[in-house]
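# Per-entry structural report
Chain by chain, the residues run as shown.
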Amino acid sequence: MIPANLYPDVYPHLNVADVDIVTGAAGPGRRLVVWLQGCLKRCPGCANGPFLAERRGEPVAWPTLLARLDGLDGVTLSGGEPVLQAAALAPFAAAVRLRGQTVVCYSGYTLAELRAEPGAIARLLAQVDLLIDGEYQGDLPRAGAYRPSANQHVHLLTDRIPAGACTGNPDTVIRIRRGRVSQTGTLPAAVRAAVFDRLAAAGIRVRRGERTDA
Ligand code: SF4
């Protein structure tokens, strides 16, 4: 059974590692991406290293995130592993959809595994419009936008996101703000490291571990 409330001392808030707005590389359109802290898996080559530890990140009352959704297409849940906080995420995701916006979720668990779960994970899954599932497998090639390794799949679970919206998006978005660099997407680890090393050599601080694979 997959834990659905990994941080009972933080619940009903979310234990958040990071929040940012990303266009294209974390689901269709312009989205608020919420990286949840903590994952029970340790996939070799995972680019989200800082987000894996089961530690207290930033406790966030999810209604405050709704206020940041104005003008966006929806929210993307990433991590870490979002479903480990399904108990708090399910009402958040429902509130996002009530606003007419969409919910994208990454998970290292497969859709079949998630569908076998009762309770909070089932409630969260019922609010997800697009799921990218499966562990990162670095020995497999990338498979286009949203899929850092080819074993992962994009599942349109509702008709609220048209299939065409998932094509033509950038694989990776690299952002440089105030001398600080972060990236979201499916850039291969070796390429990412080379790019970041060049930027660091040029004196640009690099923020590592921000990536939207599961
Ligand atoms: S690839 Fe996904 S499931 Fe695997 S360790 Fe990283 S965050 Fe967890």
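Report on the accompanying structure. Here the structure is a predicted model, which is why all the values come from computation and not from measurement. (Residues numbered from 1 in each chain as written. Predicted model: local features only at pLDDT ≥ 70, side-chain atom pairs only at ≥ 80, totals over all residues.)

## A closer look at unusual backbone geometry
Condition: A run of H or I in DSSP counts as a helix once it spans at least four residues, and a run of E counts as a strand once it spans at least two, with each numbered from the N terminus.
At the junction of Tyr11 and Pro12, the peptide bond is cis and its omega measures out at 10 degrees in the coordinates. With respect to the element layout, Pro12 can be found in the segment before β1 (14–23). Gly79 connects to Gly80 through a cis peptide bond whose omega is 5 degrees.

## Structural notes on the site of the ligand
Our working rule: As used in this record, a residue near a molecule or strand is one whose C-beta atom, placed from the backbone, is within 6 Å of it. When residues are sorted by character, Ala, Val, Leu, Ile, Met, Phe, Trp, Tyr, Cys and Pro go into the nonpolar class, Asp, Glu, Lys and Arg into the charged class, and all the rest, Gly among them, into the polar class.
Taken together, 15 residues surround the ligand, and among them Cys39, Cys43, Cys46, Gly108 and Tyr136 come closest. Here the shell around the ligand is composed, by residue class, of 6 nonpolar, 4 polar and 5 charged.

## Describing the pairing of β1
The cut-off we apply is this: Two strands are counted as paired when DSSP detects at least two bridges linking them.
With 3 bridges joining them, β1 and strand β3 (residues 58–60) adopt antiparallel strand pairing. If you follow Val16 over to β3, its bridge partner there is Glu58. One ladder, built from 7 bridges, connects β1 with strand β2 (residues 30–36); its direction is antiparallel. In the sheet register, Asp20 faces β2, and the bridge partner there is Val33. In sequence, β1 turns back onto β2 through a hairpin of 6 residues, with Gly24 there showing a positive phi of about 90 degrees.

## Re the pairing of strand β6 (residues 130–133)
Worth spelling out the cut-off: Exposed residues have 12 or fewer other C-beta atoms within 10 Å of their own C-beta, buried residues have 20 or more, and partly exposed residues fall in between, where C-beta atoms are placed from the backbone.
The two faces of β6 match: Leu130 and Ile132 on one face and Leu131 and Asp133 on the other face are all buried. Here strand β5 (residues 102–107) runs beside β6; their pairing, made up of 4 bridges, is parallel. Each residue of the ladder has a partner; that of Tyr106, found in β6, is Ile132. Where β6 and strand β7 (residues 153–156) come together, 4 bridges link them in antiparallel fashion. Bridge pairing in β7 places Leu130 opposite Leu156.

## Some details on the sheet that holds β1
Rule in force here: Axis geometry follows a simple rule: fit a line to the C-alpha atoms, using only the stretch in contact for helices, then measure angles between N-to-C directions, giving values from 0 to 180 degrees.
Spatially, 7 strands are ordered β3-β1-β2-β4-β5-β6-β7 in an open sheet, and the strand pairing comes out mixed. The open sheet has two edge strands, β3 and β7, and neither has a second partner. Within this sheet the neighbouring strands show an average axis-to-axis angle of 30 degrees, counted without direction.

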